[in-house]
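Listed here are the chains, written in short residue letters.
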Amino acid sequence: GKGTYDHYMLKEINHQPTALDNTIQGRALASDGRVVLEDFPPGTFHDHRTVHLVGCGTSYHAAMYAEKLLTDGDIQADAYRASEYDLQAEVTDDTLVVGVTQSGETADTLSALRSAKESGATVVTVTNVVGSTAAREADNALFIRAGPEIGVAATKTFSSQVVSLALLSQCILSDIEDATAHENIQSLLNSLQALPDHIDRVLESTRAEAIARRYADEEAYFFIGRGMANAVAKEGALKFKEITYEHAEGFAAGELKHGPLALVTDRTPVFAVFTGDEEQDSKTLNNAREAKTRGAPVISVAPPDHDSIGFADAHLEVPDTNPEWLGLLANVQLQLLSYHAADQLDRPIDKPRNLAKSVTVE
Ligand code: M6R
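Rules of the game
Residues numbered from 1 in each chain as written. Predicted model: local features only at pLDDT ≥ 70, side-chain atom pairs only at ≥ 80, totals over all residues. Heavy atoms only, no water. Buried < 20%, exposed > 50% of the residue type's maximum accessible area, 1.4 Å probe, protein only. Helix = DSSP H or I, 4+ residues; strand = E, 2+ residues; numbered from the N terminus. Pairing = 2+ DSSP bridges. Right-handed = clockwise from strand over helix to strand, strands pointing away. Phe/Tyr/Trp six-rings, centres within 6.5 Å; stacked < 30°, edge-to-face > 60°. Near = heavy atom within 4 Å. Polar contact = N/O pair within 3.5 Å; in protein donor to acceptor, adjacent residues only side chain to side chain. Areas by Shrake-Rupley, 256 points an atom, 1.4 Å probe, with all protein chains shown as cover. pLDDT = per-residue confidence, 0-100. Axes fitted to C-alpha atoms, helices over the stretch in contact; angles between N-to-C directions. Contact = heavy atoms within 4.5 Å. Salt bridge = Lys/Arg side-chain N within 4 Å of Asp/Glu carboxyl O. Patch = residues over 30% accessible without salt bridge, like charges linked within 9 Å, V, L, I, M, F, W, Y side chains within 5 Å. Lys, Arg positive; Asp, Glu negative; His and termini not counted. Charge placed at Lys NZ, Arg CZ, Asp CG, Glu CD.

K.L.:
Please provide a residue-by-residue account of the pairing of strand S10 (residues 270-273), values included.
P.N.:
Because side chains alternate across S10, one face comprises the buried residues Val 270 and Ala 272, and the other comprises Phe 271 and Val 273, equally buried. Bridge count between S10 and strand S11 (residues 298-302): 4 bridges; the pairing is parallel. Its bridge partner being in S11, Val 273 is matched across the sheet by Val 301. The parallel pair S10 and S11 is bridged by helix H11 (residues 278-293), and the resulting crossover is right-handed.

Dropping the structure here:
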């Protein structure tokens with residue numbers, strides 16, 4: 001049941017530290033600086049040259065996040081929306097296709113994975129459900145171990161997907177020649193081990209409820225970010241529209257000036273997600289400035305002492321850690337923001353209108 005929580009969504013947001021403990025248990029061996037995935041022994045990915053990450057909705061955003069983790073290691077990786085995969089992707093027999101799907105039953109994703117397999121690709125699924133169609137049909141499965149998710153809005157499964165994909169990425173990076181291993185795997189794994197505590201800190205200290213109240217009843221809500229933070233911006237907007245029914249959009253921060261800026265007014269709060277990369281962040285800060293000049297309130301989602309804080313109208317704080325995990329922590333703040341905004345509007349948070357937990361038609 002929901003226990004002491006008003007909604008499954010809030011319970012599942014709060015369950016993230018435990019879910020992530022389960023996700024990494026026995027897999028991230030910080031003391032010897034290694035990642036061990038039982039079904040993927042060293043050498044598994046030796047023959048692959050290209051990685052395609054495929055999913056829908058929130059799972060697509062996790063795929064986008066992982067695309068960045070892989071390309072940072074000089075691996076050719078691309079995230080695709082499953083429903084567009086056939087139209088866009090070139091699949092060969094050295095392609096590794098990673099199907100990201102919480103339920104393992106999403107029709108668009110299953111169909112993309114089937115066609116990839118027909119083209120000779122190796123198909124791995126990253127899923128929460130043991131015995132799901134995706135797990136049965138794929139060549140191999142990595143289970144994210146987040147525990148059952150009841151709320152239609154995916155929350156803890158996004159975090160567990162990102163971390164599972166990060167672990168898988170480390171295995172891929174160490175198998176593929178020409179790839180650049182993470183410059184400090186030890187510190188990456190240490191900070192991964194600390195991630196459940198960092199999420200706890202966000203959950204205990206968040207100002208998301210106050211900010212949701214302060215910016216309730218505006219015209220539209222924009223979310224911007226670069227790289228991993230672009231994935232988080234898109235995920236923040238998806239969650240927001242899904243459960244509040246308010247108009248929300250997530251943009252690559254640099255795209256704002258190429259059109260969406262025409263919509264920006266003093267009634268369109270802009271949530272700017274930062275990644276801790278100075279060069280990227282200073283550009284995102286400029287983009288946020290362009291919105292503020294048009295009167296928009298800017299809410300910075302960033303670590304303490306970040307350059308954006310003096311300038312922003314409000315701040316959702318993210319604990320300082322390795323850049324790989326900052327986006328995940330920012331996303332927890334945005335989950336809470338959506339939850340509290342929807343709660344104030346009295347929306348049926350766990351079962352939003354027109355939506356189903358698993359979408360079994362194309
Ligand atoms: O079960 P899946 O991960 O394949 O589901 C994909 C999407 O339908 C799902 O993430 C959807 O976008 C969520 N309701 C978003 O919160």
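K.L.:
Before we move on, could you go through the packing of aromatic side chains and cite the residues and values that matter?
P.N.:
Aromatic ring pairs are reported here in terms of the distance separating the ring centres and the angle at which the planes meet. Applying the stated rule across the entire model yields 7 aromatic pairs. A ring pair is formed by Tyr 221 and Phe 240, whose centres lie 4.5 Å apart and whose planes are at 40 degrees; its orientation type is tilted. Linking Tyr 221 in strand S8 (residues 221-225) with Phe 240 in helix H10 (residues 228-244), this pair joins segments that are 19 residues apart in sequence. Accessibility expressed as a relative area gives 4% for Tyr 221, which makes it buried.

K.L.:
Provide a residue-level description of the site of the ligand, including the pertinent values.
P.N.:
Surveying the vicinity of the ligand reveals 14 residues, the closest of which are Ser 59, Thr 101, Ser 103, Thr 106 and Glu 242. In the environment of the ligand, an oxygen atom lies 2.7 Å from a nitrogen or oxygen atom belonging to the backbone of Gln 102. Glu 242 is positioned with one of its side-chain polar atoms (N or O) 2.6 Å from a nitrogen atom of the ligand. Computed on the free molecule, the ligand has an accessible area of 420 Å², of which 90% lies beneath the protein chains in the complex. Elements with a contribution of two residues or more to the shell around the ligand: helix H3 (57-72) and H10.

K.L.:
Quick rundown of the confidence of the model for the chain? Include the residues and the values.
P.N.:
Residue-level pLDDT values for the chain average 96, and 100% of them are 70 or greater. Among the prediction metrics, the complex's ipTM stands at 0.99, with pTM recorded as 0.98.

K.L.:
Can you break down the sheet that holds strand S3 (residues 50-55) residue by residue, with the values?
P.N.:
Reading across the sheet, the 5 strands line up as S4-S3-S5-S6-S7 and stay open at both edges, with parallel pairing between neighbours. Lying at the two open borders of the sheet, with one neighbouring strand each, are strand S4 (76-81) and strand S7 (140-143). The average angle at which neighbouring strand axes cross in this sheet is 20 degrees, direction not considered. Lying over the sheet, H3 contacts S3, S4 and strand S5 (95-101), oriented at roughly 170 degrees with respect to S4. Sheet contacts for helix H7 (residues 156-175): S3, S5, strand S6 (122-127) and S7; angle to S5, the most-contacted strand, approximately 165 degrees.

K.L.:
Give a detailed account of the pattern of salt bridges, specifying residues and quantitative values.
P.N.:
Oppositely charged side chains may form a pair once their charged atoms are brought near each other. Taken as a whole and assessed by the stated rule, the structure comprises 12 salt bridges. The salt bridge partner of Lys 357 is Glu 149, with a shortest N-O separation of 2.7 Å. Residue Lys 357 is found in the segment after helix H12 (323-344), and its partner Glu 149 is found in the loop between S7 and H7; the two are separated by 208 residues along the sequence. Exposure remark for Lys 357: the relative accessible area of 29% places this residue in the partly exposed category. For Glu 149, a relative accessible area of 7% translates into the label buried. Its salt-bridge partner being Arg 267, residue Glu 218 comes within 2.8 Å of it at the nearest N-O pair. A residue pair is termed long-range when its members are at least 10 positions apart, and Glu 218 in the loop between helix H9 (208-214) and S8 and Arg 267 in the loop between strand S9 (248-252) and S10 qualify at 49 residues. Judged by relative accessible area, which is 16%, Glu 218 ranks as buried. Taking the relative accessible area as the measure of exposure, Arg 267 reaches 34% and is therefore partly exposed.

K.L.:
So what's going on with a negative patch on the surface? Which residues, and what values?
P.N.:
Negative charge collects at one region of the surface, where Asp 277, Glu 278, Glu 279 and Asp 307 lie side by side. Tracing the backbone shows Glu 279 in helix H11.

K.L.:
Please set out unusual backbone geometry residue by residue, giving values where relevant.
P.N.:
Even without a glycine there, the phi angle at Asp 178 is positive, about 80 degrees. Within the secondary structure, Asp 178 sits in the loop between H7 and helix H8 (185-205). Using a relative accessible area of 70% as the deciding quantity, one classes Asp 178 as exposed. Even without a glycine there, the phi angle at Asp 217 is positive, about 65 degrees. Along the polypeptide, Asp 217 turns up in the loop between H9 and S8.

K.L.:
Account for the environment of Arg 145, with residues named and values stated.
P.N.:
Here Arg 145 is to be found in the loop between S7 and H7. Spatially, the C-alpha atoms of Arg 145 and Arg 226 are 29 Å apart, while their sequence positions differ by 81 residues. Beyond its immediate sequence surroundings of up to four residues, Arg 145 is in contact with Ala 19, Asn 22, Thr 23, Gln 25, Arg 27 and Asn 128. A distance of 2.8 Å separates a polar side-chain atom of Arg 145 from the backbone oxygen of Asn 22. Engagement of the side chain of Arg 145 in a polar contact is seen with the backbone oxygen of Gln 25, the distance being 3.0 Å.

K.L.:
Could you give an account of the sheet that holds S10, naming the residues involved and the relevant values?
P.N.:
Read from one edge to the other, the open sheet built from 5 strands follows the order S9-S8-S10-S11-S12, with strand pairing classed as parallel. The two strands at the open ends of the sheet, each matched to only one other strand, are S9 and strand S12 (314-317). Averaged over all pairs of adjacent strands, the angle between their axes in this sheet comes to 20 degrees, without regard to strand direction. Direction of pairing for S8 relative to S10: parallel, over a ladder of 3 bridges. Looking at the pairing, Phe 222 lines up with Val 270 of S10. Sitting on the sheet, H10 touches S8, S9 and S10, and the angle it makes with S9 is about 175 degrees.

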